[in-house]
Amino acid sequence: KPMGLPTGLRKQGEVDERRARKKRLRAKREEAKNRLEAEKEKAQGEPDRSEEVPEDYKEGEKTRITTSEEFCDAVGKALRKGELKWEDY
């Protein structure tokens, strides 16, 4: 009669085996999930970027924040130079 492992060691081996199987199943499931997500993204194709504004659009135009007094002064200068026409309604 062949002598096997003692009962405690045999049970521990079975537990280790189950843990390893469970770990392999989880990894397999995770891999399948990632593959499915990748296929979905590939099926959707490239996102529509037709309405996006390019980064260099009106790059030369910079917005300048001014106080109301500075704005009034700038408008006054432009009126005096004749760059703007003032219309009374």
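Scroll up to find the structure this text is about.
Below is a short write-up of the structure.

Conventions and cut-offs
Throughout this description, residue numbers start from 1 for each chain and increase along the sequence as written. Thresholds applied to this predicted model are a pLDDT of at least 70 for local features of residues and 80 or more for the giving and counting of side-chain atom pairs; totals over whole chains, interfaces and linings are not thresholded and use all residues. Heavy atoms from the whole structure form the basis of all side-chain values; hydrogens and water molecules are not counted. Think of it this way: any DSSP run of H or I at least four residues long counts as a helix, any run of E at least two long counts as a strand, and we number them from the N terminus. Partly exposed describes any residue whose relative accessible area lies between the buried limit of under 20% and the exposed limit of over 50%, with all areas from a 1.4 Å probe on protein chains only and scaled to the type maximum. Methods summary: accessible areas were calculated by the Shrake-Rupley approach with a probe of 1.4 Å, and residue burial reflects only the protein chains presented. One fewer than the residue count of a helix, multiplied by 1.5 Å, yields its expected span. The salt bridge definition used is simple: a Lys or Arg side-chain nitrogen within 4 Å of an Asp or Glu carboxyl oxygen. Each patch groups residues whose relative accessible area exceeds 30% and which form no salt bridge, using 9 Å between like charges and 5 Å between nonpolar side chains of Val, Leu, Ile, Met, Phe, Trp and Tyr.

### Some thoughts on the overall build of the protein chain
Piece 1. For the protein chain, the count of helices and strands is two helices and zero strands.
Piece 2. Per-residue burial for the protein chain yields a buried fraction of 2% across its 89 residues.
Piece 3. With an accessible surface of roughly 9800 Å², the protein chain has 51% of that area assigned to carbon and sulfur atoms.

### As for helix H1 (residues 7-44)
Piece 1. For H1, built from 38 residues, the straight-helix expectation of 56 Å at 1.5 Å per residue is met to within 8% by its first-to-last C-alpha distance of 56 Å.
Piece 2. Within two residues after H1, Gly 45 carries a phi angle of roughly 80°, on the positive side.

### Side note on helix H2 (residues 68-81)
Piece 1. With 14 residues, H2 should cover 20 Å at 1.5 Å per step; its first-to-last C-alpha distance of 20 Å lies within 8% of that length.
Piece 2. Positive phi shows up at Gly 82, right after H2, with a value of about 90°.

### Brief notes about the pattern of salt bridges
Piece 1. Summed over all chains, the structure comprises two salt bridges.
Piece 2. Taking the shortest distance from any N to any O, the salt bridge between Glu 17 and Arg 21 comes out at 4.0 Å. Placement of the pair is Glu 17 and Arg 21 together in helix H1, with a separation of four residues, close to one helical turn.
Piece 3. Residue Arg 35 is joined to Glu 31 by a salt bridge in which the shortest nitrogen-to-oxygen separation is 3.4 Å. Pair noted here: Arg 35 and Glu 31 are both in helix H1, with a separation of four residues, about one helical turn.
Piece 4. Taking relative accessible area as the criterion, Arg 35 reaches 46% and is therefore assigned partly exposed.

### Observations regarding a nonpolar patch on the surface
Piece 1. Where nonpolar side chains cluster on the molecular surface, the patch consists of Leu 79, Leu 84 and Trp 86 and spans about 330 Å² of accessible area.
Piece 2. On the basis of relative accessible area, Leu 84 is assigned to the partly exposed category, the value being 42%.

By themselves, these are just geometric observations and shouldn't be taken as functional.
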